[in-house]
Every structure is written in structure tokens, then in C-alpha cells.
Amino acid sequence: MIYTPTLALPRRGGGEKRIPASLVGEVGSRSPFLPAEEAPSCFPSPLAGEGQGEGEKRRRSRSRGPKSRSGLVLILLATVFSAAEVSAQAIVRPAAVLKGHEGWVNAVVVSPEYVASGGLDGVVRIHSVKTGAAAFSWTLPKGPDGSPFVIYALSFSPGGRHLAVASSDGKVRIVEPLSGREVVVIDDPSRHPYKAAYFPDGRSLAVGGIDGYIRLYRMEDGKKVGEVKAHADAIQAMAVSANGKTVVTGGPDTLVQVFHRFGDELQHAHRLIGHKDTVTAVAFGPEPGEIVAGDKDGKVKRWNLALGTGGERPFAAQPGKPVGAVAAMKGKVAVSYGLGDIRLYTGSRETRALKGHAQPVGALGFSPDGRVLVSGGRDGNVMVWKVGR
């Protein structure tokens, strides 16, 4: 059923008469659905500085053209059906649901061949990215009370030969993903290494801790080679650029911090201000030099580093729906909001809604070719989405 808007016209003898809005004639780019205080002057209302007769004459002249009336009707109908068509096409369902985790999934990461996931149950699960078939899984050692250590973060080395597993026992394990064999074990001083990310050369790893420090480790032997204080409190989000020259972080202080790497040293480059709540997710954007960050209030901001702190551009917002994760690859940006609401953007335009999770999604990751997106949520599910090129 299509709703036909009507307008109230004053009668000469008092009262009013309602007619279809399409009979009013052209209103330029303004919509007949605008509230009264925003209505254009051709809508029935006293016109400042004009006599009642002059205003009535103008209204009559504007409503006479049959071409204007039919054109507006066609525009309204096209808008209704076009919106319905876009909505139907925009909703995407998962291509596969990878089950097995008990409890929240905190981390997902994708290599050319495999999806790795981990969370509250302390189990790392490996699935084929092409078929969804389970390939391997292993469980971290349990704590003194018998409960599993929580997996905070995962990161594949370039090519997927090794997997970094950061957990609540204060360790970052570098393992072979299809055997679980430990190659290097790092004891991070923070005791809670919330974030971990390989540099693209595969020779070093960045770790972000509960103490607000970023630490750099050499993968050859797990030795710490550098550190820098990024936030006063825990690092909630971290990403390494594709060229390995920049690290970006976010935290409860509402700041997005940017560091440039020079050898084993990280030097502070930018403090990006604009968020009003905890920065929960960061990623390097689809365009060179871009950073995308989301916060607990549901706002997503985008910066161009070439313009520094003045490079902020409007992006997206779902007020009241906390951003759980952000990922970007090859012109696309994925953002999770609230209770499992995942949106896909091309440029700054929302193109698809990914529906499947029933609980907040705290992990998103694109495949290296950008054709597959993987999500992990508090519902214990890992979902695979085909998002094309």
C-alpha cells in the first residue's frame, strides 16, 4: 500500500480542505513530507510581506501545470519502489556459519587459505576460508583454577605461515596454525596483551596492552626491541598499516593516536581528537593515508593523515549502538554496531547490511583479496560473508 500525502488548504469561509500533495505543483528539491516549520513557501501558509490575494494567485498559478503534477507523481512512485528494491538487495546473509566456540568470540583473522578464531573458551579454531571445513583446533593451557585462559587477539603472519595468539595469561604465542606447535613464546609485561598485529615484513609484531603501551617484538627470538606509551589506560584498538610504517591505536581517553615507525622506534605523529567516548575500533581506510575509527557511542570517523588533525571527514553513525569492530580492504569498510548489526560501505556510502548475528560483534576481518569478510560475535558464531571485489 502506498501512502498518498495530503495538504490542508484554507477555505474562504473558514475551516480547511485536504487535497493530494501532488496537486500543489513543483517544489524544486524540497520534499512534500517536510514538517510545517520547514515547508517551502508554496505550501499553504501566510506569506510574509504579501497580501492574502497575491499569495493565493501565486499558489493557483503554480498548481495549474499538468506536466508538473504528473512529473511529481512519477518521482514519488519511483522513489517508493526504488527504495524498496534497494532495501531488498542490500541485505546479505552469511555464506557459512562456523560453529564450535563456547562463549564470546573475541578475535578472527583471515589468511589466503584459512580463518582463525578464538575467544572466551581458550580454543583456537582453524577453518578453510573456501569451504568452511574445520582444519584444526587446539586449546590453551588452563589457569590455576582450572578455567581456560581467554584469547584476546589473533594475527596471521604474511602468507599465513605463523599465527600470533595473545591471551590472558600474559603470553603471546607464535604457533604453526595447523599443528599448534609453539615457535616463540613472548611474555608481555602488561600481563594482558589485548591486541597483537604482525608487521607486513613478518619479522616483527606490535602488541598493545592493558597498561596503554605498544611494544615491538622481534619474531626471530621474541625479544622486545621497543615500546611507547600510547594511552593512559588500556589499548582498546590497534592496527598496523599495509606498508608497516604506521601504527594507530584507540582507547578510553577518546583519542586516536598515530605513531610512525623508524627502525625499532615508534615516534608519536598525530593525536586525533573528535570522539566523545571510548574508541573501540580502528583500521587503516581503503584509501592511502586514511584512518577509520569507531567509538562506544556508535560514531565512526575518518581521517586523512596527509591533513593531520584537520583531515577529519564525516563517515557514519548509529547513535546509541556501540561500534564493536572496524575493518577495511580494497575500497570497502565494514563496521559492526550494537547487537550484531554489520554494515558495509563503499567510500562513504552504505551499500549492504549483513544480517546473521544475534549478539554484539567484536571482531571483523577481510581476506587478503577483499572478497571475503569474517565476523565473530558474543553469540559464539563465526560467520563468513561473500562481499565480492
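Placed above this text is the structure.
A separate point is the overall build of the protein. In terms of helices and strands, the protein carries 2 helices and 31 strands. Looking at the protein as a whole, 48% of its 389 residues qualify as buried. In the protein, the proportion of contacts linking residues at least 24 apart, taken out of those at least 6 apart, comes to 41%. Total accessible area on the protein is roughly 19000 Å²; 52% of this is exposed by carbon and sulfur atoms.

Time to look at the pattern of salt bridges. Summed over the entire model, instances satisfying the criterion amount to 16 salt bridges. For aspartate 187, the salt bridge identified is with lysine 171, shortest N-O distance 2.6 Å. A residue pair is termed long-range when its members are at least 10 positions apart, and aspartate 187 in strand 12 (residues 182-187) and lysine 171 in strand 11 (residues 171-175) qualify at 16 residues.

This paragraph deals with the packing of aromatic side chains. Given two aromatic rings, one states the distance between the centres and the angle between the planes to describe the pair. This model, assessed by the stated rule, comprises 3 aromatic pairs. Pairing tyrosine 152 with tyrosine 194 gives two aromatic rings, centres 4.9 Å apart and planes at 80 degrees, and the pair type is edge-to-face. Of the two residues, tyrosine 152 is situated in strand 9 (residues 151-156) and tyrosine 194 in strand 13 (residues 193-198); the sequence distance between them amounts to 42 residues. Overall, tyrosine 152 belongs to the buried group, its relative accessible area being 17%. Just above the ring of tryptophan 104 sits the side chain of arginine 378; from NZ or CZ to the centre is 4.0 Å.

With that settled, the discussion passes to the sheet that holds strand 15 (residues 213-218). Ordered in space as 13-14-15-16, the 4 strands form an open sheet in which the pairing is antiparallel. Both outer strands of the open sheet, strand 13 and strand 16 (224-229), are each paired with one neighbouring strand and no more. For this sheet, the mean angle separating the axes of adjacent strands, direction not counted, is 20 degrees. Across 5 bridges, the pairing between strand 15 and strand 16 is antiparallel. For isoleucine 214, the partnering residue across the bridge sits in strand 16 and is valine 228.

A few words on the nonpolar core. Judged by nonpolar contacts, the single largest core of 15 residues is most densely connected at Val172, Ile174, Ile186, Leu205 and Met219. Only strand 9, strand 10 (163-167), strand 11, strand 12, strand 13 and strand 14 (204-209) provide two or more residues apiece to this core. Counting 14 residues, the second-largest nonpolar core is a separate cluster that includes Val92, Ile342, Phe366 and Leu373.

Every second residue of strand 17 (residues 237-240) is oriented toward a common face, with Ala237 and Ala239 on one face and Met238 and Val240 on the other, all of them buried. The pairing of strand 17 with strand 18 (residues 246-250) spans 4 bridges and is antiparallel. Bridging from a neighbouring strand, valine 240 pairs with valine 247 of strand 18. Taken together, strand 17 and the strand that follows it, strand 18, pair antiparallel across an intervening segment of 5 residues, in which glycine 244 is found at a positive phi of about 75 degrees.

Turning to the sheet that holds strand 21 (residues 279-284), a few remarks are in order. With antiparallel pairing, 4 strands are arranged side by side in an open sheet as 21-22-23-24. Of all the strands in the sheet, the pair left with one neighbour each is strand 21 and strand 24 (312-317). Each adjacent strand pair in this sheet contributes to an overall mean axis angle of 20 degrees, direction not counted. Judged from the 5 bridges that link them, strand 21 and strand 22 (residues 290-295) form a sheet pairing that is antiparallel. Paired with valine 282 across the two strands is alanine 293, which belongs to strand 22.

Right, let's talk about the side chain of lysine 301 for a bit. Looking at where lysine 301 falls in the secondary structure, it is placed in strand 23 (residues 299-304). For lysine 301, a relative accessible area of 14% corresponds to the buried category. In contact with lysine 301, other than residues within four places in its own chain, are Gly274, His275, Ile291, Val292, Ala293 and Glu312.

Moving on, we get to the environment of glycine 180. On the secondary structure map, glycine 180 appears in the loop between strand 11 and strand 12. Here glycine 180 falls in the buried class, since its relative accessible area comes to 18%. For the pair formed by glycine 180 and tryptophan 138, sequence separation is 42 residues and the distance between their alpha carbons is 6.4 Å. In this structure glycine 180 touches Phe136, Trp138 and Val175, once residues within four positions along its chain are discounted.

Now for the pairing of strand 14. In terms of burial, strand 14 is largely enclosed, as 6 of its 6 residues are buried. Residues Ser204, Ala206 and Gly208 line one face of strand 14 and the alternating positions Leu205, Val207 and Gly209 line the opposite face, and both faces are buried. As judged from the 5 bridges shared by strand 13 and strand 14, these two strands associate in the antiparallel manner. The residue bridging alanine 196 from the neighbouring strand is valine 207, located in strand 14. If you look at the hairpin formed by strand 13 and strand 14, you'll find 5 residues sitting between the two strands, and glycine 202 has a positive phi there, around 75 degrees. Of the pairings in the sheet, the one linking strand 14 to strand 15 comprises 5 bridges and is antiparallel in character. By the bridge assignment, serine 204 is partnered in strand 15 with arginine 218. Here strand 14 folds back onto strand 15 in antiparallel fashion, the turn holding 3 residues, of which glycine 212 has a positive phi close to 85 degrees.

The rules we used
- Residues numbered from 1 in each chain as written.
- Predicted model: local features only at pLDDT ≥ 70, side-chain atom pairs only at ≥ 80, totals over all residues.
- Heavy atoms only, no water.
- Helix = DSSP H or I, 4+ residues; strand = E, 2+ residues; numbered from the N terminus.
- Buried < 20%, exposed > 50% of the residue type's maximum accessible area, 1.4 Å probe, protein only.
- Contact = heavy atoms within 4.5 Å.
- Areas by Shrake-Rupley, 256 points an atom, 1.4 Å probe, with all protein chains shown as cover.
- Salt bridge = Lys/Arg side-chain N within 4 Å of Asp/Glu carboxyl O.
- Phe/Tyr/Trp six-rings, centres within 6.5 Å; stacked < 30°, edge-to-face > 60°.
- Lys NZ or Arg CZ within 6 Å of the ring centre and 35° of its normal.
- Pairing = 2+ DSSP bridges.
- Axes fitted to C-alpha atoms, helices over the stretch in contact; angles between N-to-C directions.
- Core = buried A, V, L, I, M, F, W, Y, C linked by side-chain atoms within 4.5 Å.

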